[in-house]
Each structure stands twice: as structure tokens, then as C-alpha cells.
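Survey of secondary and tertiary structure
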Amino acid sequence: MYLTQFRINTGRSEARRLLGSPHLMHGAVNMAFPELPSREGDGPRVLWRIDRGPQDRPKLFIVSPTRPDLTHLVEQAGWPTLETPGWDTFAYGEFLDALREGGTWGFRLTANPVHNIRRPQDEKDARTKRAPHVTARHQLGWLIQRQKQAGFAVVEKPVERRLTEHRDEYELIVRDSMPLQFRRSPAQRSTEDVRITRVTFDGRLTVTDPGLLRRTLTQGLGKAKAYGCGLMTLAPLGDG
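For the structure given in this document, a descriptive report is provided here. Sequence positions are assigned chain by chain, starting from 1 and proceeding in written order. Totals for whole chains, interfaces and linings use all residues, but because this is a predicted model, local features are given only for residues with pLDDT of at least 70 and pairs of side-chain atoms are given and counted only at 80 or more. The side-chain quantities take in all heavy atoms of the structure and omit both hydrogens and water.

Should DSSP find at least two bridges between two strands, the strands are taken to pair. Helix and strand assignments follow DSSP, with helices taken as H or I runs no shorter than four residues and strands as E runs no shorter than two, numbered in order from the N terminus. What the four strands build is an open sheet, ordered β2-β3-β1-β4; its pairing is antiparallel. Pairing within the sheet leaves two strands with one partner each, and these edge strands are β2 (47-52) and β4 (87-91). The sheet shows a mean angle of 15° between the axes of neighbouring strands, taken without regard to direction. As judged from the six bridges shared by strand β1 (residues 2-7) and strand β3 (residues 58-64), these two strands associate in the antiparallel manner. Directly across from R7, in β3, lies its bridge partner K59. Between N-to-C directions, angles cover 0 to 180 degrees, with each direction set by a line fitted to C-alpha atoms, over the stretch in contact for helices.

Residues belong to a common nonpolar core when they are buried Ala, Val, Leu, Ile, Met, Phe, Trp, Tyr or Cys residues joined through side-chain atoms within 4.5 Å. A 1.4 Å probe rolled over the protein chains alone gives each residue an accessible area, and that area as a share of the maximum for its type sets the label: buried under 20%, exposed over 50%, partly exposed in between. Among the nonpolar cores identified, the biggest contains 30 residues, and F107, L109, L143, F201, M232 and L234 are the most heavily contacted of them. Breaking this core down by element, the ones donating at least two residues are β3, β5 (104-111), α5 (136-150), β8 (152-154), β10 (194-207), α6 (210-219) and β11 (232-235). Ranked by residue count, the leading element in this core is α5, at five residues.

Turning our eyes to something else, we now look at the pattern of salt bridges. As a working rule, side chains carrying opposite charge can pair if their charged atoms are close by. Salt bridges, as used here, are contacts in which a Lys or Arg side-chain nitrogen is within 4 Å of a carboxyl oxygen on Asp or Glu. Scanning the model with the defined rule gives seven salt bridges in all. For R7, the salt bridge goes to D88, with nearest N and O atoms at 3.0 Å. A residue pair is termed long-range when its members are at least 10 positions apart, and R7 in strand β1 and D88 in strand β4 qualify at 81 residues. Taking the relative accessible area as the measure of exposure, R7 reaches 27% and is therefore partly exposed. Measuring nitrogen to oxygen at the nearest pair gives 2.7 Å for the salt bridge that ties R49 to D51. Overlapping salt bridges bring together R49, D51, R108, R175, D176 and D202 as one network.

Right, let's talk about the environment of S177 for a bit. Along the polypeptide, S177 turns up in strand β9 (residues 172-182). With relative accessibility at 39%, the residue S177 sits in the partly exposed group. Residue contacts follow a heavy-atom distance rule, with two residues in contact if any of their heavy atoms lie within 4.5 Å. Discounting residues that sit within four places of it in the chain, S177 has contacts with Q139, T197, R198 and V199. A polar side-chain atom of S177 sits 3.2 Å from a polar atom in the side chain of Q139. N or O atoms within 3.5 Å of each other form a polar contact, as long as, within protein, one can give a hydrogen and the other can take it, and as long as residues adjacent in sequence are counted only when both atoms are side-chain atoms.

As far as function goes, none of this settles anything; it's purely spatial.
Quick look at the structure:
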């Protein structure tokens, strides 16, 4: 497994075009691999995420079972210089293997929190449709409901540090909730638009099942993984 960081140059028009279309970014990420892993079964897959850094300097993060080649992205949306290749790739397997039960980490997850609702056309119709969670309360609840099966527990705040009686129980921030609507292909005008709500979670977690957490980190969490959702990354906690 590999973890890759790519620095995006927003001064370039192609970079801005990619940032504005999850479908185009999905295609650009896929082009980094001569052969993509199968989506069937329980094997690792290619996951990606855009992080907005200081001064709005975005980075593309990719987790993948094979090493990517992002030369084409440097030419389109990067910083082509002789000194650096424009991206950094790290071996990820050793880090994943070292995860242990009880370990505590900072984490970031960009996801598409959804739930199923009954179709409104007919009360007798048992079919449902997928709808986004639109409030921070429900988005937080979506993640808490999945933490056990994902191999972690979000750290709970001590009672004396909670700012409110409800909805402040966890070391968790829900931010950058963004509804997105786009076409899979601009040429296919007859197809229905893709609609997702992309949300970023920042928080602290404790590892409860290292095997399940490794699966979460390499297979993603939730829906819309092709469109920049599902990738969770961990970071060591500071002494403060």
C-alpha cells in the first residue's frame, strides 16, 4: 500500500477545472495507474481526497495498492520544476501493520453521509431512495453509527470540557459540508446528474480492532468513493 500527496497549483486553469469536477478528478487519479484494482471482493482500492490547506493551497491525497505516477497531473495542475517531481509517495503497509488495539490517533475523513428514505410518490411503495444527511448532528450520528464496524471509537470528551449538554460528547468536528452536483460525462446530457454532499470530519479515535481499521483505511468508508469520499487518514497526536 502507498500514501501519496500531490500539491495542486490553483493558478493553473486545468487545476481549477479538476477541483470543480469530482468526475474529472476521478479520471485524472485513475490515469496514474496502468491497471486499477478490482472493485469486487474485499481487496484494497484506490481512494482519494482533496484537503484545503493554509492559504487555500489544496493537496490531493491518494491511498492505493500500487505506486502511482502523477506526471500527467504535474503537467496539467501541478508545479513543474526540475527540483521536485510534484508529489511524494510513502510506503503505507508498515504503518498499517503497526496499528494496535488501544492506540489513539488524530484522524481526518472526507465522506458522503447518506441514509435511505421512502419514496414520496406512493405510501404503499416499499422502495427507498438515498438522501444526504444535511445537518451536522445527523452527519456526526452517521459516523458514530459506523465506528464499531470500522474498527475504531471516536474519543469522548470529559464531561467538564463539554460546551453543551448535547451534541458535544466527542472529540470530533464536522466541517466543510458541501453539496455537489455534476455529470458523469459532460457529453452525456441525457444522464441524470450525480448529487452528493461531501463532509470532512476531524477528530480523535482509539483503535478497537486493528484489522477492521486497516480495512477502513484501504477500502474507504461510506458511499461515493470514486468522487473523493471515503478516505480516512491518521496522524500522531501532539503532546499538547
